[in-house]
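As a plain string of letters, each chain reads:
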Amino acid sequence: MKIISAILIALLLAVAISYVSLYLDYQNLEGEYTLQKSSYEKLQAEQDSLLKNTSTNTRLVNPYGQMAAKPTSNPARPANSNNRIDEFSNLQKENLNRTLEQKYSLLFKTLNLSKQDQEKMRELLLERERILNTNSVGYFTSEADIKSNIEKQQELVAQIDRQIAQLLKPDEVKKYELLKDSAYEQFQMNSFYDQLGDKNTLNEEKKTTLLLSKLEQKQAFADLLKNSAEDITGASAEEKKFLADKMHEALHDYKDNYLRTAKENLTEEQFNVLREYEQKQFDEIWQSLRAGWQIEE
């Protein structure tokens, strides 16, 4: 049970810190294996704007990871099949490029890199997105493989982050750290803007202020979560509840500090819409963490 709990916490941390969580309801599934599947689907849903790594798709064509010569007795691949593969590959490239442009737009606007460094950074960012979208957890993955795959994925991403940091100035590194796993938060903000409608649109300066404020508070909470999760996992039932309550307070601080900034930049009507929307989001975050720590109501 300790091994399973540790693996589940690692999955929840990956969702809470990187990127971000999308929460799905699996009321008709049970047990630890169900929790593994649920975490897997959340990881997939959170990255639903990205498509699978080109090398992964190649393996789907050839399970040995290479395009071996076909025996003459085998029929040639139909032309329309090749066309579908090419079309899918083009969709991958378009989606990845769109992801980079949207996720890092605030950073790209202020960068002053040489053409060579711009190309290098873009290639690193593309590689980072592909790695994050690589399937590291599946229905038939063993517990040991789950842990190993997540560790490998996190190390590869960390290597890329260090390479990118070498290309940037200190203030640019800080902005990159905020934006690199902000896809879900940006999705949330866009959902909020859609709820406001045309009559309550915000200018770009206020949108930037809201997003950066939320990401700064998220980063502070994620750091605390990363440092405390192992203690919570290994604690007794009584200690676990006490430590979890502290984390719940920290989550409230995350929400309240962000909403405090929002209130300074929104009308009363806009703020009320945001507060109601965010309350649901933060409630879901807490329910997900509490389930991973196996804490009862």
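Residues numbered from 1 in each chain as written. Predicted model: local features only at pLDDT ≥ 70, side-chain atom pairs only at ≥ 80, totals over all residues. Heavy atoms only, no water.

A few words on the packing of helix 8 (residues 170-179) against helix 10 (residues 204-234). Closest axis-to-axis distance for the helix 8/helix 10 pair is 9 Å, and the angle between their directions is 80°. Here helix 8 lies roughly perpendicular to helix 10, going by the angle between them. Residues Glu177, Leu178 and Leu179 of helix 8 pack against Leu212, Leu215, Glu216 and Gln219 of helix 10. Grouping the constituent residues of the contact of helix 8 with helix 10 by class yields four nonpolar, one polar and two charged. (Axes fitted to C-alpha atoms, helices over the stretch in contact; angles between N-to-C directions. Helix = DSSP H or I, 4+ residues; strand = E, 2+ residues; numbered from the N terminus. Parallel < 35°, antiparallel > 145°, perpendicular 65-115°, else oblique. Contact = heavy atoms within 4.5 Å. Nonpolar A, V, L, I, M, F, W, Y, C, P; charged D, E, K, R; others polar.)

Scored by pLDDT, the protein chain has a mean of 78; 72% of the residues are at 70 or more. The element-level mean pLDDT for the protein chain is lowest in helix 3 (residues 54-61), coming to 32, with helix 8 highest at 96. Here residues 6-73 is a poorly scored stretch, pLDDT under 50, and it has 105 contacts once near neighbours within four places are set aside; other chains count. (pLDDT = per-residue confidence, 0-100.)

Turning our attention to the packing of aromatic side chains. Overall, the coordinates contain seven aromatic pairs when judged by the stated rule. Aromatic side chains Tyr104 and Tyr176 sit 6.0 Å apart centroid to centroid with 15° between the ring planes, which places their arrangement in the stacked category. Pair noted here: Tyr104 is in the loop between helix 4 (79-103) and helix 5 (105-108) and Tyr176 is in helix 8, with a separation of 72 residues, a long-range link. Tyr176 gets classed as buried once you look at its relative accessible area, which sits at 1%. Between Trp286 and Trp293, the aromatic rings sit 6.1 Å apart at their centres with planes inclined by 65°, giving edge-to-face as the arrangement. Take Trp293: its relative accessible area is 4%, and that puts it in the buried class. An aromatic cluster is present here, built from Tyr104, Phe108 and Tyr176 joined pairwise through their rings. For Lys207, the ring lying beneath its charged end belongs to Tyr193, and the centroid distance is 4.7 Å. (Phe/Tyr/Trp six-rings, centres within 6.5 Å; stacked < 30°, edge-to-face > 60°. Buried < 20%, exposed > 50% of the residue type's maximum accessible area, 1.4 Å probe, protein only. Lys NZ or Arg CZ within 6 Å of the ring centre and 35° of its normal.)

The biggest cluster of nonpolar side chains holds 36 residues, and the ones touching the most others in it are Met121, Ile164, Phe192 and Leu266. A per-element tally of this core places helix 6 (residues 115-133) first, with six residues. Apart from residues no more than four positions distant in its own chain, Phe192 is found in contact with Leu202, Leu266, Gln270, Val273 and Leu274. With 14 residues, the next largest nonpolar core counts Phe221, Met247, Tyr254 and Ile295 among its residues. (Core = buried A, V, L, I, M, F, W, Y, C linked by side-chain atoms within 4.5 Å.)

In this structure, Gln294 takes a positive phi of about 55° despite not being glycine. Here Gln294 shows up in the segment after helix 12 (268-292).

What follows concerns the packing of helix 6 against helix 7 (residues 143-165). Where helix 6 meets helix 7, the closest approach of the two axes is 10 Å, and the angle between their N-to-C directions is 165°. Compared by their axis directions, helix 6 and helix 7 come out roughly antiparallel. Where helix 6 crosses over helix 7, the handedness of that crossing is left-handed. For the pair helix 6 and helix 7, contact is made by Met121, Leu124, Leu125, Glu127, Arg128, Ile131 and Leu132 and by Gln153, Leu156, Val157, Ile160, Asp161, Gln163 and Ile164, respectively. (Left-handed = near helix turned anticlockwise from the far one by under 90°.)

Compared with an ideal rise of 1.5 Å per residue, which puts 31 residues at 45 Å, helix 10 spans 45 Å between its outermost C-alpha atoms and is within 8% of the ideal. Helix geometry: helix 10 is bent most strongly at Ser228, by close to 40°. (Expected span 1.5 Å × (residues − 1). Bend = angle between axes of the 7 residues up to and from the residue.)

Attention now goes to the side chain of Lys180. With respect to the secondary-structure elements, Lys180 resides in the loop between helix 8 and helix 9 (183-196). At a separation of 3.1 Å, a polar atom in the side chain of Lys180 contacts the side chain of Asp161. (Polar contact = N/O pair within 3.5 Å; in protein donor to acceptor, adjacent residues only side chain to side chain.)

Among the secondary structure elements, Asp117 is positioned in helix 6. Judged by relative accessible area, Asp117 falls into the partly exposed class, the value being 26%. Separated by 50 residues in the primary sequence, Asp117 and Leu167 have C-alpha atoms spaced 7.0 Å apart.

Another point: the pattern of salt bridges. Applying the stated criterion across every chain, the model contains 11 salt bridges. With a shortest N-O distance of 3.4 Å, Asp245 and Lys241 are connected by a salt bridge. One end of the pair is Asp245 and the other is Lys241, both in helix 11 (residues 237-265) and four residues apart, which spans about a single turn. Here Asp245 falls in the partly exposed class, since its relative accessible area comes to 34%. For Lys241, a relative accessible area of 48% translates into the label partly exposed. One salt-bridge network, held together by shared partners, links Arg128, Asp161, Glu177, Lys180 and Asp181. (Salt bridge = Lys/Arg side-chain N within 4 Å of Asp/Glu carboxyl O.)

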